[in-house]
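# Structural description and commentary
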Amino acid sequence: MDLQLNNGVNIPCIGFGTWKIDDYDTAVESVKAAISYGYRHIDTASSYGNECAIGEAIKQSHISRDELFVTTKLWNTVSHYQEAIDAFYESLNKLQLEYIDLYLIHWPAPKDYRDNYQKRNIEVYQAMEYLYKEGKIKAIGVSNFVKHHLEELSQEIEIPIMVNQIEFHPYYYDEETISYCRQNNIVLEAYSPLGRSQVLNDPIIQKIAEKYRKTPAQICIRYAIDNEIIPIPKSVTNERIKSNLEVFDFQLAKEDTERIRNLSHTHGKIGSYPDTANF
Ligand SMILES: NC(=O)c1ccc[n+]([C@@H]2O[C@H](COP(=O)([O-])OP(=O)(O)OC[C@H]3O[C@@H](n4cnc5c(N)ncnc54)[C@H](OP(=O)(O)O)[C@@H]3O)[C@@H](O)[C@H]2O)c1
């Protein structure tokens, strides 16, 4: 099942996450397994150090390029136009691809550019606009942008932002950013949709899982899908890679979605906050 971005490009409504899969062989095998089970959307980043392995897995999978949606991200050390172009081609070459489906600015306010991050974001985004016009990127987006970062950047750019990849799981719901993205036609992606596995032992999630005869992970993944936020669960375990995709034979009832959402009132963000992150 796909969602459509504001430029008409389709994006599969679930992806495969690859952060911390940094051992080469594990990355190749996990991504090959994911593709063989039916994932058609792979999420990586230059900072994950696994683009070469992912490129190899894609090559070995013999899947037609237009069936696969590949995302990578521009890292925090890049701040100038030409550096962004060079960083993009480095990722493209490592992935052994001719184009990238979605290229994201990984973080909005890197520590080294925090004093002047707006200028940095405009400059790297302009490089992405150039790559988009050249057909090297099919969609442009950002990650970890909250409302004020989105507003600041949107005023200065020509091609509207298509995607924002943010932390989203039962313990964290950034209402302000989510509603801003919805109002502005920016598709949301849920990173850490399992709360980095911290959510899976929650008694309420476990109870809901029993009710639907699903695993806690499947409940979290379905929760994101039911919110129209694209989950990108990560796993290196074959059985989990497979079962995390088995979420299309049920839907959460409204009262269960609300029970899950309520968990965010007593818990919170697991990852770093973009304006204070130490990197
Ligand atoms: N843009 C950003 O700044 C950003 C930040 C964080 C993440 N991301 C992206 O989002 C992806 C997912 O987030 P994440 O890796 O932080 O965390 P996650 O997907 O929420 O959780 C991954 C953890 O859950 C475990 N797991 C997976 N499926 C499971 C299942 N069915 N049952 C029990 N445990 C299960 C995995 O273990 P095993 O691997 O051992 O099976 C791993 O420890 C990342 O890989 C990355 O692509 C992006």
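Everything that follows concerns the structure shown earlier in this document.
To start, this report covers the structure provided alongside it.

Calculation notes
The residue count restarts for each chain, going from 1 along the sequence in the order it is written. Reporting of local features is limited, given that this is a predicted model, to residues whose pLDDT is at least 70; pairs of side-chain atoms are given and counted only at 80 or more, and all residues count toward the totals for whole chains, interfaces and linings. Put simply, DSSP marks the helices as runs of H or I at least four residues long and the strands as runs of E at least two long, and each gets a number from the N terminus on. Radius of gyration: over C-alpha atoms. The globule rule applied is 2.2 Å multiplied by the number of residues raised to the 0.38 power. Exposure criterion: with C-beta atoms placed from backbone coordinates, a residue whose C-beta has 20 or more other C-beta atoms within 10 Å is buried, one with 12 or fewer is exposed, and one in between is partly exposed. Contact between two residues is assigned when their C-beta atoms, built from the backbone, lie within 7 Å. Joining buried Ala, Val, Leu, Ile, Met, Phe, Trp, Tyr and Cys residues through C-beta atoms within 7 Å gives a set, and that set is a nonpolar core. A molecule or strand has a residue near it when that residue's C-beta atom, placed from backbone coordinates, lies within 6 Å of it. Each residue receives one of three labels: charged for Asp, Glu, Lys and Arg, nonpolar for Ala, Val, Leu, Ile, Met, Phe, Trp, Tyr, Cys and Pro, and polar for the others, Gly being one of them. The criterion for strand pairing is that DSSP finds at least two bridges linking the strands in question. Only the stretch in contact is used when a helix axis is fitted, and all axes are lines through C-alpha atoms; the angle between N-to-C directions ranges over 0 to 180 degrees. By definition in this entry, angles of less than 35 degrees are roughly parallel, angles greater than 145 are roughly antiparallel, angles of 65 to 115 are roughly perpendicular, and the rest are oblique. By convention, the crossing between two helices is left-handed when the near helix turns anticlockwise from the far helix through less than a right angle, and right-handed when the turn is clockwise. Assignment of crossover handedness uses the view with strands pointing away from the viewer, where a clockwise path from the first strand over the helix to the second indicates a right-handed crossover.

What follows concerns the overall build of the chain. Within the chain one finds 10 helices and 10 strands. The C-alpha radius of gyration computed for the chain amounts to 18 Å, which stays within 12% of the reference 19 Å derived for 279 residues, consistent with globular compactness. Across the 279 residues that make up the chain, the buried fraction comes to 44%. Looking at the chain alone, contacts between residues at least 24 apart form 75% of all its contacts between residues at least 6 apart.

A few words on the nonpolar core. In this structure, Val31, Tyr103 and Cys220 are the most contacted members of the largest nonpolar core, which totals 71 residues. It is helix H8 (residues 216-226) that provides the largest number of residues to this core, a total of 7 residues. The contact partners of Tyr103, leaving out residues within four places of it in the chain, are Thr72, Leu74, Phe88, Met128, Leu131, Ile137 and Ile140.

The buried fraction of H8 is high, at 10 of 11 residues. Of all the residues in H8, the buried ones are Pro216, Ala217, Gln218, Ile219, Cys220, Ile221, Arg222, Tyr223, Ala224 and Ile225. Where H8 is buried, its residues meet strand S9 (187-191), helix H7 (203-212), strand S10 (229-231), helix H9 (238-243) and helix H10 (254-266).

The environment of the ligand is made up of 28 residues, and the closest members are Gly17, Trp19, Leu194, Ala217 and Lys234. When grouped by side-chain class, the residues that make up the shell around the ligand number 9 nonpolar, 15 polar and 4 charged.

The parallel open sheet is built from 8 strands, whose spatial order is S3-S4-S5-S6-S7-S8-S9-S10. Edge positions in the sheet fall to strand S3 (16-17) and S10, since each of these pairs with one other strand and no more. One ladder, built from 2 bridges, connects S3 with strand S4 (residues 41-43); its direction is parallel. Pairing of Gly17 across the sheet is with Asp43, part of S4.

Contact geometry for helix H3 (residues 81-94) and helix H4 (residues 117-133): axes closest at 8 Å, N-to-C directions at 50 degrees. By the angle between their directions, the pair H3 and H4 is classed as oblique. Like other packed secondary-structure pairs, H3 and H4 cross with a definite hand, here right-handed. Across the interface between the two elements, Tyr81, Ala84, Ile85 and Phe88 from H3 touch Glu123, Val124, Gln126, Ala127, Met128 and Leu131 from H4. Its residues assigned to classes, the contact of H3 with H4 comprises 8 nonpolar, 1 polar and 1 charged.

Let us look at the environment of Arg222. With respect to the helices and strands, the residue Arg222 is situated in helix H8. Through-space distance from the C-alpha of Arg222 to that of Gln251 is 7.0 Å; in sequence the pair is 29 residues apart.

Counting buried positions along S9 gives 5 out of 5 residues, so the element sits mostly inside the fold. On S9, burial covers both faces: Val187, Glu189 and Tyr191 on one face and Leu188 and Ala190 on the other are all buried. As defined by bridge partners, strand S8 (residues 163-167) adjoins S9 across 5 bridges and the pair is classed as parallel. Across the sheet, residue Ile166 finds its bridge partner in S9, namely Ala190.

What follows deals with the environment of Pro12. Mapping Pro12 onto the fold places it in strand S2 (residues 10-12). Among the residues examined, Pro12 registers 19 C-beta atoms within 10 Å and is labelled partly exposed. Counting along the chain gives 56 residues from Pro12 to Leu68, while the straight-line C-alpha distance between them is 8.9 Å. Not counting the four nearest positions on each side in its chain, Pro12 is found in contact with Asp2, Arg40, His41 and Phe69.

Moving on to the pairing of S8. Side-chain direction in a regular strand flips from residue to residue, so the side chains alternate between the two faces of the sheet. The element S8 is extensively covered by neighbouring structure, given that 5 of its 5 residues are classed as buried. Relative to S8, strand S7 (residues 137-143) runs parallel, the two being bridged by 3 bridges. Within the sheet, the bridge partner assigned to Ser143 lies in S8 and is Gln165. Between S7 and its parallel partner S8, the chain crosses via helix H5 (residues 147-154), and the hand of that crossover is right-handed. Read as a crossover between parallel neighbours, the route from S8 over helix H6 (residues 175-183) to S9 is right-handed.

So yeah, pure geometry; function would need other evidence.
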